[in-house]
Amino acid sequence: MAAELVNVKGRTKAVSSIWWKVPLWLALIITTIISLFPMYWLFVTALTPTKDTIKIPPDIIPVNASLDNFNRLFSQAKYYSNWAINSFVITITITVFHVAFDTLSGYAFAKKKFFGRNVLFWLVLSTLMIPPHVTLTPLYFVVQNFGLRDNLLAVIMPGTASVFGIFLMRQFIQTLPTELEEAGRIDGCSEWGVFWRIIAPLSKPAIGALAIFTFVRYWNDYLWPSMVLIKAPSQTLPVGVASLQTEFSTDYGLIFSGASLAALPMIIFFLLFQRYFLEGVRMGALKG
Amino acid sequence: MTKRLFPQYQRFGLFMAMALFMTLMLAACGDNTATPVPATTAAATKAATTAAATTTSAATTSAAATTAVATTAGATTAATAGGASVSKSGFKGTLSYWALGYAPGANTGFSKSTDAAVAAFTKANPDIKVEVVGYTADQAGFAKIVNAVQAGSGVDAFRIPNDSLPVLVKQGAVAPIDEYITDADRSDILPGLLDTVKFDGKYYAWPLWVPPVAMYLNVDIFKEKGVDLPKEGWTYDQFVEIAKKLTFTRANGEKVYGYSALVDPGLVDTWPFILSDGARPLSADNTKYTFNTPEGISGLKKVTDLALVHKVTPPDFGTQKLDDILTAMQKKLQAMWSRPSGDSATLKANGLNFQIIHMPIGKSGKAVSAGGIGLIAVAANKDKARLSASMDLVKYLTSAGVEKDVPGYYLAPAARKAVTVQEPFSFFAPIAPTAWITPSLPAWTQIRTLIHPNLQNAIFGKMTAEDALGQPTVEVNKLLAAQ
Amino acid sequence: MAQFDVGKIPVRQVSTGQRIVLFFRKNSWGYAFVLPSMLTFAIFTFFPVIWSFIISFQDFRPRGGTTWNGFDNYVKAFTTQNNVFVTALKNTAYYAILTVTANILIALILASLIQPLNKYAQTFFRAAYYLPAVTSAVIIAVIWRWMFNTQWGFLNYLLSLFGADAVRWLSDPDIALNSIVLSTVFTAPATGVVLFSAAMGSVPKDLYEAAELEGAGPVRKWWSITLPLIKSTTLYVVVLYTIASFEVFEKVYVMVPSGVGDSTQTIVTQIYQMLYSNLNYGVASAQAIVLFLIIATISVFQFKFLRSDVEY
């Protein structure tokens, strides 16, 4: 009865019995199915011809699967490829800036001593508690004043740095031994050189994690892009996909094929880099 | 699919590099004026649409963000008969017209005819380009138009329902039309309509059309059950009888419902029932809340009974979205639908066999309808030439000439006597003058958001009709008193 | 902060003038490094926040005619439209309490369950739980709305297999908010599982061995060793989920755009309505500031409460 839940090496070998393992695996598999089912249903609906989408009972396995919805998506939602390109442009640009700005600041907050450092850091950190909706209207007027509406820069510029990124980089760089920097200085590196040749290469794992997170976050960003990217060709995938709902209101097959294609790049991206993702989640929460 | 998409992705790397570069370059000059790309209007052939898609896609990569800027090239449907007058504004450049419900290149009647109408205008005025920006009729859509109008740039003309206009006028964001409206216009526009856009003695928008609510009948379901189509002058009780007969389960398990309609703060699709016993939400001078009268309560009961007593409505009645109901109509799962005229175009395009009839009669003894007024307004602008050009555009878009140039442009009874609208919209024309029209009050948007959740709760059976209409009384009267 | 001592020693050995120069040089590099991100924050975060704060004391008219009106907006924030904001606060609190509790419990349990598995199985399950988190919240909400449809949604089909009556998931005011909670709970708490799982993996093994020698069973060990030692992670996850749940918007807005009575009105949907339907920027800003105060208070409280005895 007293089975072992914690995997312990050595003498106390797990007294695992089938009575423990079956419910354990069952529980895990059921929760996995529940958790992944909406994603599955998204793709099933996307593959089901629209005339069958409201059939009762529904086809749980897409027996009539066809790519017809996707064909129609590309012939009817004529800006879909624009949205995809915009999404890529926005997320890649933001990721590049994000990594650069956040790493620099993270380094400064971790290792540099300058007047007002702690005050500034806590000020920055406290903005985490500000709901993004507080700033929606003023931010819109700021962007409008720059003449940036319907310009991808309206989304890119506010996204060039983030509190989360600075926090993550600071936490990571703090764990690097200061002796390395000192050694670099003795070898004649400038301050920039120390950062570029010593800190940045050593921070690669954190930079990787930050890049991945930034990419996913801005790929899926909806509220702000939907306010500033108004004309159809300048929208991003989530915004465009949402607009498909009003444009093709009853064509569920087409709407879901649009949504599934918007979700697909991130799913592939995640499956390729999932190790770094999970590492990154952990790193972001390191005790500070 | 592959033919259209993949050429773009083959050059994807190049696109990305260019885009990144251009994005940085455009840091300072991000306005909409950057490289407008001429594209043909969707009114033209399929080939033209495809071409437009490909050209503009390259443009947006560079963050220039231009929608289909209409040129005369593809305006095949715009006849030369010439309703579009030449603008004397002397303005050269691009005007931005925000059209409610417009989707670029979409196969809907409104999008096509708007493209064609705008093309006709730009043909008469070669110096002026017009870009059409679509926005949706939901809260997200209004958020966009409100932001743009408030920020004061990027929008010149915009189509808006009359009950959403006053808040914008109050904020000083809308230009008065007094200098541009002629006596001929005044006498042409249906009596009373201009009063709804009058604030502090000035007129603030051009009335376009009046889409009142009528009942759509899904004829095939009537035939299936052998029920005769109702005749004009039918009563609420007859309506209920029919709805009951047409609520049934087919042999294959499909459930068919007699009636449904949208319930949303921005819509009045179910309101003809509430008004049918003679109630009105506000007193004639808009100073007092009058929905809490016995007529109002019995009117609301007519709606709630459909769900709670007669059970002729689908289970999601009250929270359905347009796509739910359109699907049900097209799949022949719903027999009757109260809705303004615009959607008859969609149903017609989808080949549905339907008929339209006046709303059933309540205790007031005559058919009552409800609706708003579709308006096109011009955003306040210090640039006189631009303002004047925008006025010319809007005047054309709300004129009789536009229906001549683009037959079928009007999707609802027009606001002008000179316009003759086509089938099936012409059916709504006699209803329009007698329909109850949503009030043009700055407080109305707040009043309707107060009433709406109560209507829903009454439909769900969580609130009695008395409470639903009685509870907002104090608050609504306060709002009315405050203006 | 040991690393600064190293820098201080040479400073003390030089003259005052040089020290100032050196100090300045050190400072300026620090400033230079934080400048780019601080510029972004200044323009796109600090400035809008301060402006928003100012607007909350004004009758704001973007096109001119703005007037000051003291604390009016804060009073109106609560009283306007028959106190709908109070309803929104209650709904949001309800949503937050249910989803945060459920998410933390589920995350803890799932993380504990995958702990004894081998490395590959652990990775598989963590990845499977994390997958929905890389998908847009809007898309997830669209799918859920689709599955919740009373007539042809998947959930009611599932119920019908068991002979149960159709549930009006999103059109019964007594159920709608719970349905939205359900959609959140049924999406595995990705971040939580990963974090708890990592924290549990770093608990020293000899503690468990010592406990076993004392005769402790698995549940006992979990309660007395695992839980206390991962308390700081728990704190972090609780704060994370609480903030997220108080800011819930897209999900509600996509699933029930016209509302279900007032039963699905949350703080942010109410702010959104105030902004773009009523154009009342002042009251909307005041409500947003109230939301900020709530989140700040909860965060501080959670830190104090959960931190008291976590250090190890």
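Since the structure is predicted, the reported quantities are computational estimates derived from the model, not experimental observations.

## Regarding the interface of chain B and chain C
Point 1. The partner chain C presents 28 residues to the 34 residues of chain B that form the contact.
Point 2. The set of elements that each furnish at least two residues to the side of chain B that touches chain C consists of α5 (139–151) and α16 (444–460) of chain B.
Point 3. Of all the elements, α16(B) adds the most residues to the side of chain B that touches chain C, at eight residues.
Point 4. Among the residues making up the side of chain B that touches chain C, the classes are represented as 15 nonpolar, 12 polar and seven charged.

## A closer look at the interface of chain A and chain C
Point 1. Counting residues at the interface gives 81 residues for chain A and 84 residues for chain C.
Point 2. Listing elements by their share of the side of chain A that touches chain C, those giving two or more residues are α1 (18–47), α3 (80–111), α4 (117–126), α5 (136–145), α8 (178–186), α10 (204–220), α12 (237–247) and α13 (252–284) of chain A.
Point 3. At 13 residues, α1(A) tops the list of elements feeding residues into the side of chain A that touches chain C.
Point 4. Residues belonging to the side of chain A that touches chain C are distributed by class as follows: 55 nonpolar, 15 polar and 11 charged.

## Observations regarding the sheet that holds strand β9 (residues 213–218) of chain B
Two orientations exist for strands paired in a sheet by backbone hydrogen bonds: parallel and antiparallel.
Residue and element names in this part refer to chain B.
Point 1. Reading across from one edge, β10-β11-β12-β9-β13 is the order of the five strands in this open sheet, with mixed pairing throughout. At either margin of the open sheet sits one strand with a lone partner, and together these are β10 (248–249) and β13 (354–357).
Point 2. Taken together, the two bridges between β10 and strand β11 (residues 255–260) define a ladder with antiparallel strand orientation. For phenylalanine 248, the partnering residue across the bridge sits in β11 and is valine 256.
Point 3. The strands touched by helix α9 (residues 236–245) within the sheet are β11 and β12 (334–340), with β11 carrying the most contacts at an inclination of about 160 degrees.
Point 4. Packing against the sheet, helix α12 (residues 322–330) makes contact with β9, β11 and β12, and its axis sits at approximately 135 degrees to β12.

## Some remarks on the packing of α5(B) against helix α13 (residues 267–276) of chain C
For any two helices packed against each other, the geometry comes down to the angle between their axes and how far apart the axes lie.
Point 1. The geometry of α5(B) relative to α13(C) is characterised by a closest axis approach of 9 Å and an angle of 45 degrees between their N-to-C directions. The orientation of α5(B) relative to α13(C) falls into the category oblique. Crossing of α5(B) against α13(C): the hand is left-handed. Contacts between α5(B) and α13(C) involve Gln139(B), Phe142(B), Ala143(B) and Val146(B) on the former and, on the latter, Tyr272(C), Gln273(C) and Tyr276(C).
Point 2. Residues of the contact of α5(B) with α13(C), tallied by class, amount to five nonpolar, two polar and no charged.

## Quick look at the nonpolar core
Point 1. Counting residues in hydrophobic clusters, the biggest one holds 316 residues, and the most contacted among them are Phe158(B), Leu165(B), Leu375(B), Ile376(B), Ala377(B) and Leu393(B).
Point 2. Residue contributions to this core peak at 16 residues, all from α3(A).

## Some points on the domain arrangement of chain C
Point 1. The domain boundaries assigned to chain C delineate domain 1 (10–55) and domain 2 (71–307).
Point 2. Distance between the C-alpha centres of domain 1 of chain C and domain 2 of chain C: 38 Å.

## Let's talk about helix α5 (residues 137–148) of chain C
All names here are of chain C.
Point 1. The end-to-end C-alpha distance of α5 is 16 Å, a good match for the 16 Å that 12 residues give at a rise of 1.5 Å each.
Point 2. The buried fraction of α5 is high, at 12 of 12 residues.
Point 3. Three or more residues of α5 are buried, namely Ala137, Val138, Ile139, Ile140, Ala141, Val142, Ile143, Trp144, Arg145, Trp146, Met147 and Phe148.

## Observations concerning the environment of Thr53(A)
Residues and elements named next belong to chain A.
Point 1. Looking at the element boundaries, threonine 53 is found in the loop between α1 and α2 (68–76).
Point 2. Expressed as a C-alpha distance, the spacing of threonine 53 and tyrosine 252, which sit 199 residues apart in the sequence, is 6.9 Å.
Point 3. With residues near it in sequence (within four places) discarded, threonine 53 still touches Thr45, Thr48, Tyr252 and Gly253.

## Side note on the confidence of the model for chain C
All names here are of chain C.
Point 1. Of all residues in chain C, 93% have pLDDT values of 70 or greater, and the mean over the chain is 86.
Point 2. Looking across chain C, the model is least confident in helix α1 (residues 3–13), with a mean pLDDT of 50, and most confident in helix α7 (residues 176–185), with 95.
Point 3. Note on residues 1–8: pLDDT under 50 across the span, and six contacts to partners over four residues away in sequence or across chains.
Point 4. Confidence estimates for the predicted assembly give a pTM of 0.84 and an ipTM of 0.84.

## Brief notes about the environment of Ser364(B)
All names here are of chain B.
Point 1. Position of serine 364 among the secondary structure elements: in the loop between β13 and β14 (370–371).
Point 2. We classify serine 364 as partly exposed; it has 14 C-beta atoms within 10 Å.
Point 3. Between the alpha carbons of serine 364 and tryptophan 98 there is a distance of 39 Å; along the sequence they are 266 residues apart.
Point 4. Ignoring anything within four residues of it in the chain, the contact list for serine 364 reads Ser276, Asp277 and Gly278.

The rules behind these values
- Residues numbered from 1 in each chain as written.
- Chains lettered and ligands numbered in written order.
- Predicted model: local features only at pLDDT ≥ 70, side-chain atom pairs only at ≥ 80, totals over all residues.
- Contact = placed C-beta atoms within 7 Å.
- Helix = DSSP H or I, 4+ residues; strand = E, 2+ residues; numbered from the N terminus.
- Nonpolar A, V, L, I, M, F, W, Y, C, P; charged D, E, K, R; others polar.
- Pairing = 2+ DSSP bridges.
- Axes fitted to C-alpha atoms, helices over the stretch in contact; angles between N-to-C directions.
- Parallel < 35°, antiparallel > 145°, perpendicular 65-115°, else oblique.
- Left-handed = near helix turned anticlockwise from the far one by under 90°.
- Core = buried A, V, L, I, M, F, W, Y, C linked by C-beta atoms within 7 Å.
- Buried ≥ 20, exposed ≤ 12 C-beta atoms within 10 Å, placed from the backbone.
- Domains from an automatic or database assignment.
- Expected span 1.5 Å × (residues − 1).
- pLDDT = per-residue confidence, 0-100.

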